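So you can see what is in the structure, the chains are spelled out below.
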2 protein chains.
Amino acid sequence: MKKLNTSPISGAQELLPTVQATFDKLKNRIIKVYKRHGYFNIETPSIERLDVLTAKAGGDTEKQIYNVMKTSEKVEHASEGLRFDHTVPLARYVCAHENDLDFPFKVQQTGLNYRGERAQKGRFREFYQCDIDVVGRGKLSLAYDADVIITMLDAYSTFHLETPVLARISNRKILTGLLAALGLADHTNEISHIIDHAEKVTPEQTKLSLKDLKLTKPQVETILNFINLRGSRSDVITALNNLEINNDTYQIGVEELDLVLGLLESLGLGDQISADMQIIRGLDYYTGTVFEFVLPEYKNIGSIGGGGRYDNLTAYFSDRPFPGVGGSIGLTRLFFVLNENHLLDTSSQSLLDYAIIPLSNDEIEYAYNVAHDLQSNNYSTTVIVTDKKLSDKLLYAAKVAGGGIVIGEDEIKTGELKAKDFDTGTTSVITFTSNDAPTPAPKPATNDDHPTVKPDEFFSDDNKSFL
Amino acid sequence: MKKLNTSPISGAQELLPTVQATFDKLKNRIIKVYKRHGYFNIETPSIERLDVLTAKAGGDTEKQIYNVMKTSEKVEHASEGLRFDHTVPLARYVCAHENDLDFPFKVQQTGLNYRGERAQKGRFREFYQCDIDVVGRGKLSLAYDADVIITMLDAYSTFHLETPVLARISNRKILTGLLAALGLADHTNEISHIIDHAEKVTPEQTKLSLKDLKLTKPQVETILNFINLRGSRSDVITALNNLEINNDTYQIGVEELDLVLGLLESLGLGDQISADMQIIRGLDYYTGTVFEFVLPEYKNIGSIGGGGRYDNLTAYFSDRPFPGVGGSIGLTRLFFVLNENHLLDTSSQSLLDYAIIPLSNDEIEYAYNVAHDLQSNNYSTTVIVTDKKLSDKLLYAAKVAGGGIVIGEDEIKTGELKAKDFDTGTTSVITFTSNDAPTPAPKPATNDDHPTVKPDEFFSDDNKSFL
């Protein structure tokens, strides 16, 4: 029979168990930190109606949406697709459940998102994103813009990377106001796009792109100077004020940025933040604060997360304003690049506490009873039942567990079990402390009134067709 | 502007945060129990190539597969779809990574699966399944059939249901052998199907369905008697032996069932298991042990999980046999029916430890500093920043947290914070124990060398367009 290809689809993560354990650990830490900062978990369906997905998607994102339909259906009639982020479904969720939620609604979402990207190394078509958002009803304090950044910095800190993480922070209103003051309001989208891509091209190319828009030389110079403004709060705010831009939106943007940075500084996070006018964020739904996290010592990695303030995201669902601010860690991509750059401690294998090896069929029930006791006492424990040599079983045991317990006739007779620590090579007699008995021997198997199990049947036998 | 429908797609779970917290708790408990029994987590992509999905799907399942494609693609050319279970992807995974895995490979998977079912109450098109499997290379001991059942019973026990859970256990070989002995080997599939549906129809209808296959009266009687065999290990094994069926497959099936039940009994699980000849399990890839979990006091609920032994699942990928045994808890459906039947403790809300309420803008930075300290000491803490009345903020605080801390001028002056326990109504002064200092006061905000934040800006202001 011709065999099927066993590789997973392109652009998806598939890990071996030990690596998966490291991924899971990071994911669970993020979730835990988000909760510690007051963000409650929700899950929206991974499938949404296409009108919901396309309402705010636009452009490239819309082309990347995966439609979902049965074989009997036609793609022209597709009405559902896979979500490409958590933010659009969140807008729907908030409007759907408005009356059952408390506002400001601090919420986290971790799950798979999907984008029909061309598959290439490090690009994923299905990937985890770990999001937090704060959504207000009617209005939402700027303090929550800082709250999201604080929380995400704390999440990254649990990775214990040996390289610093930096939050680059700006506010969309500043650029919007600047362009209005320069008489370039009509070009806001194109210019934002050029600035957003400035780090991927040379400064000369950025200059040319701006000139292509028929900007005057002073306009180009002002913009180029502007996007190079970065540094501490006091330096950047001072520089922004010194530009003397006479525009309300600009002033408000600078004021908002100052407030957000001030709160972050007051928490001693000054070293981990930078005001940075190059930060735009691609998505067009951002209306105020925008931020992006990077590893400054690894420029090749680029953004490892980001987010911003969006004041109009729910407009497609409700007339009532639900301003929000949120951020997202693209965990699948982050895990991939951290691994590529040897920034993850992959030695930290997730081992079981004990592997129990019955020497023959005669000890299987006893072994499972010992495992049962250990498990009841919260020790992760597995029983190894194969017809391999003892040395092979011990090798297997040492791969999956920190300790090994071999059970033979003698152990059952004496009730004394020796646990070998595979790490140190030492052996100790283990005792279990259950509720009131201080050190009871492992519970022996109770076969009293049941027919004796024919032990050799537990092992597979090549002569039998069924094993 | 016409507003979009805010309801989630039909056939998907969408919960409010407090209910989601209960769901998450159950899911995490299952994952933890699985690990405690030695099952390592993996995740395969939720999208697979269609040839992989259809290799073993067959019949109704194949029609229910969701194809996944971009709008620009044609459904006739669809090459990928959403997985409908974890078992088919696992077979691919094991063959793909054979050389990097240790066998027997004890593995768990928890994730969303997708089926194009007609939407109706309690039927889900996307749903969580929590699976465990043990896969051997070449062969796999029967002990693992018991291992899976033991582990799943332990998983259900963490739900603390006030109604017993019962594992109904059989072995496919027994029916196969019986039908061969009756000269009905050619009708095995149809008859299995009738037995599988017997509990959904009247005994009379089952009898008619069997007669429709042109079975003789004695054949029908034998089958009807057979499928009514259920009870303790000793009763059922005795009854099966008394049938004196002279067929090897039958004998082997009875022997295997006896061994599996014996191991379960030796662990004191006799009350939670029942040998039951009505258990078939729909999927045709099962080859030996089959089992299903039910709540005997809630017949309306039906199966709450199940699984079995499959010896040929990897044949599409590899010539080498990888026999396996596994089980699955359909958590989304289970959660739904438990809720419907009031079997879940939904009072157990997942609250934060503290909600901190700054009385005005002047206390926001201080409040975030207190939160930061509490969070560093692992207390989940949120800061409430709204322009609502204090009484409204306290109501909100009591909804999201167990304790509330109001911070005003006095608190900042004295450094003494009073935490109100919303449950008991008592108030206590909280102290934090960090590394070496025994009871340090919360770290005060440090505004020294930064311009003072203009506090009223933190609150939104209706007169400003941007908030």
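See the structure printed just above.
Just so you know, these numbers come straight off a predicted model, no measurement behind them.

Undergrad: Could you clarify how one ought to interpret the overall build of chain A in this entry?
TA: Within chain A, the regular secondary structure consists of 15 helices and 17 strands. With 467 residues in all, chain A has 57% of them scored as buried. Long-range contacts, defined here as pairs at least 24 residues apart, represent 70% of the contacts in chain A between residues at least 6 apart. Carbon and sulfur atoms make up 47% of the accessible area of chain A, which amounts to about 19700 Å² in all.

Undergrad: Would you mind showing me how to read the sheet that holds strand β14 (residues 381-383) of chain A here?
TA: For sheets, the rule is that strands pair by backbone hydrogen bonds, running either parallel or antiparallel. Residue and element names in this part refer to chain A. Spatial ordering of the open sheet is given by β14-β13-β15-β16-β17, a layout of five strands whose pairing is mixed. At either margin of the open sheet sits one strand with a lone partner, and together these are β14 and β17 (427-429). Shown here is a sheet whose adjacent strand axes are inclined to one another by a mean of 25°, direction ignored. In the sheet, strand β15 (residues 401-407) pairs with strand β16 (residues 418-421) via three bridges, with the strands oriented antiparallel. Looking at the pairing, G404 lines up with K420 of β16. Across the sheet, helix α13 (residues 364-376) touches β13 (352-358), β14 and β15, and the angle it forms with β13 is around 165°.

Undergrad: I tried to follow the pattern of salt bridges on my own but got confused; where do I start?
TA: Pairing between side chains of opposite charge can happen when the charged atoms of each approach one another. Counting across every chain of the model gives 48 salt bridges over all chains. Across the pair R309 of chain A and D145 of chain A runs a salt bridge whose closest N-O atoms are separated by 2.7 Å. One end of the pair, R309 of chain A, is in strand β11 (residues 305-310); the other, D145 of chain A, is in helix α5 (residues 143-157), and 164 residues separate them in sequence. Residue R309 of chain A shares its accessibility class with D145 of chain A, and that shared class is buried. For the salt bridge of D154 of chain B with R36 of chain B, the shortest nitrogen-to-oxygen distance reads 3.7 Å. Of this pair, D154 of chain B sits in helix α5 (residues 143-157) while R36 of chain B is found in helix α1 (residues 17-36), placing the two residues 118 residues apart along the sequence. The network of salt bridges with shared partners includes R168, E199, R230 and D276 of chain A.

Undergrad: Explain the relation of the copies chain B and chain A here, please?
TA: Copies of the same chain, two in number, are related to each other by a rotation about an axis and a translation along it. Each copy superposes on the other: chain B lies on chain A with an RMSD of 0.1 Å after a rotation of 180° and an axial shift of 0.0 Å. Within this description, the copies of the chain are treated as partners about a two-fold rotation axis. Taking C-alpha positions as reference, the residue of chain B nearest the rotation axis is V68 of chain B, located at 2.5 Å. Residue by residue, 100% of the interface of chain B is reproduced at the interface of chain A, so both copies engage with the same surface.

Undergrad: Help me understand unusual backbone geometry, please; the structure alone is not making it clear to me.
TA: Both trends apply: most residues other than glycine have a negative phi, and most peptide bonds are in trans. Backbone torsion omega between F103 of chain A and P104 of chain A reads 0°, so that peptide bond is classified as cis. As for its placement among the helices and strands, P104 of chain A is situated in the loop between α4 (87-96) and β5 (105-114). Phi at E244 of chain A takes a positive value of approximately 50°, unusual for a residue other than glycine. Examined against the element boundaries, E244 of chain A turns out to sit in the loop between α10 (233-242) and α11 (248-266). Assessed through its relative accessible area of 68%, E244 of chain A is described here as exposed. Its identity as a non-glycine residue notwithstanding, N378 of chain B has a phi of 75°, on the positive side. Position of N378 of chain B among the secondary structure elements: in the loop between α13 (364-376) and β14 (381-383). The exposure class of N378 of chain B is partly exposed, given its relative accessible area of 46%.

Undergrad: Teacher, can you tell me more about the packing of aromatic side chains here?
TA: What describes a pair of aromatic rings is the distance from one ring centre to the other and the angle between the planes of the rings. Under the definition given, this model contains 23 aromatic pairs over all chains. Arranged with centres 5.8 Å apart and planes meeting at 70°, the rings of F291 of chain A and F293 of chain A form a pair that is edge-to-face. Taken individually, F291 of chain A and F293 of chain A each receive the classification buried, so the pair is uniform in this respect. On the numbers, 6.3 Å between centres and 70° between planes, the contact of Y156 of chain B with F159 of chain B is edge-to-face.

Undergrad: Even after reading the chapter, I still don't get the interface of chain B and chain A, so can you show me in this structure?
TA: A common way to report how large an interface is uses the accessible area buried once the components associate. On the chain A side, the residues contacting the 130 residues of chain B number 132 residues. Across the interface of chain B and chain A, roughly 11500 Å² is buried in total on both sides, 54% from carbon and sulfur atoms. At the junction of chain B with chain A, the criterion picks out twelve salt bridges. Close ionic contact of R92 of chain A with E14 of chain B constitutes a salt bridge, the shortest N to O distance being 2.7 Å. On the surface where chain B and chain A come into contact, there are 58 residue pairs in polar contact (both at pLDDT 80 or more). Counting residues per element, the side of chain B that touches chain A draws most heavily on helix α11 (residues 248-266) of chain B, which supplies eight residues. Split into classes, the residues belonging to the side of chain B that touches chain A amount to 57 nonpolar, 32 polar and 41 charged. Direction of pairing for strand β3 (residues 66-70) of chain A relative to strand β3 (residues 66-70) of chain B: antiparallel, over a ladder of five bridges. Across the sheet, N67 of chain A pairs through a bridge with M69 of chain B, a residue of β3 of chain B.

Undergrad: Explanation requested: the nonpolar core in the structure shown.
TA: It is characteristic of soluble globular proteins that their nonpolar side chains tend to be buried jointly. Grouped together as the largest cluster of nonpolar side chains are 204 residues, with contacts concentrated most on L240, F293 and Y368 of chain A together with L240, F293 and Y368 of chain B. Leaving out residues up to four positions away in the same chain, L240 of chain B has contacts with I174, F226, L229, Y250, V254, L257 and M277 of chain B. Grouped together as the second largest cluster of nonpolar side chains are 56 residues, A55, M69, F84 and F105 of chain B included.

Undergrad: Where do I start with the packing of α13 of chain A against α11 of chain B in this structure?
TA: Describing two packed helices takes the angle between their axes plus the distance from one axis to the other. Where α13 of chain A contacts α11 of chain B, the two axes come as close as 9 Å, and the packing angle between them is 45°. In terms of axis orientation, α13 of chain A runs oblique to α11 of chain B. Of the two elements, α13 of chain A crosses α11 of chain B, and the hand of that crossing is right-handed. On α11 of chain B, the residues touching I364, E365, Y368 and N369 of chain A of α13 of chain A are G262, L263 and S266 of chain B. Split into classes, the residues belonging to the contact of α13 of chain A with α11 of chain B amount to three nonpolar, three polar and one charged.

Undergrad: I keep staring at the environment of V94 of chain B and nothing clicks. Help me out?
TA: Residues and elements named next belong to chain B. By the element assignment, V94 lies in helix α4 (residues 87-96). Relative accessible area serves as the criterion here: at 1%, V94 is assigned to the buried category. Between the C-alpha atom of V94 and that of F105, which follows or precedes it by eleven residues, the distance is 8.7 Å. In this structure, V94 is in contact with L101, F103, F105, V135 and F322, ignoring residues within four places of it in sequence.

Undergrad: What exactly am I supposed to notice about the pairing of strand β7 (residues 166-171) of chain A here?
TA: The side chains of a regular strand alternate between the sheet's two faces. Residue and element names in this part refer to chain A. Counting buried positions along β7 yields six of six residues, so the element is predominantly enclosed. Alternating positions in β7 separate into two faces, L166, R168 and S170 on one and A167, I169 and N171 on the other, with burial throughout. Pairing geometry for β7 and strand β10 (residues 289-294), over six bridges, is antiparallel. Counted as the bridge partner of L166 is V294 from β10.

Cut-off values and rules
Residues numbered from 1 in each chain as written. Chains lettered and ligands numbered in written order. Predicted model: local features only at pLDDT ≥ 70, side-chain atom pairs only at ≥ 80, totals over all residues. Heavy atoms only, no water. Helix = DSSP H or I, 4+ residues; strand = E, 2+ residues; numbered from the N terminus. Buried < 20%, exposed > 50% of the residue type's maximum accessible area, 1.4 Å probe, protein only. Contact = heavy atoms within 4.5 Å. Areas by Shrake-Rupley, 256 points an atom, 1.4 Å probe, with all protein chains shown as cover. Pairing = 2+ DSSP bridges. Axes fitted to C-alpha atoms, helices over the stretch in contact; angles between N-to-C directions. Salt bridge = Lys/Arg side-chain N within 4 Å of Asp/Glu carboxyl O. Least-squares fit on C-alpha atoms with pLDDT ≥ 70 in both. Phe/Tyr/Trp six-rings, centres within 6.5 Å; stacked < 30°, edge-to-face > 60°. Buried area = accessible area lost by both parts, 1.4 Å probe. Polar contact = N/O pair within 3.5 Å; in protein donor to acceptor, adjacent residues only side chain to side chain. Nonpolar A, V, L, I, M, F, W, Y, C, P; charged D, E, K, R; others polar. Core = buried A, V, L, I, M, F, W, Y, C linked by side-chain atoms within 4.5 Å. Parallel < 35°, antiparallel > 145°, perpendicular 65-115°, else oblique. Left-handed = near helix turned anticlockwise from the far one by under 90°.

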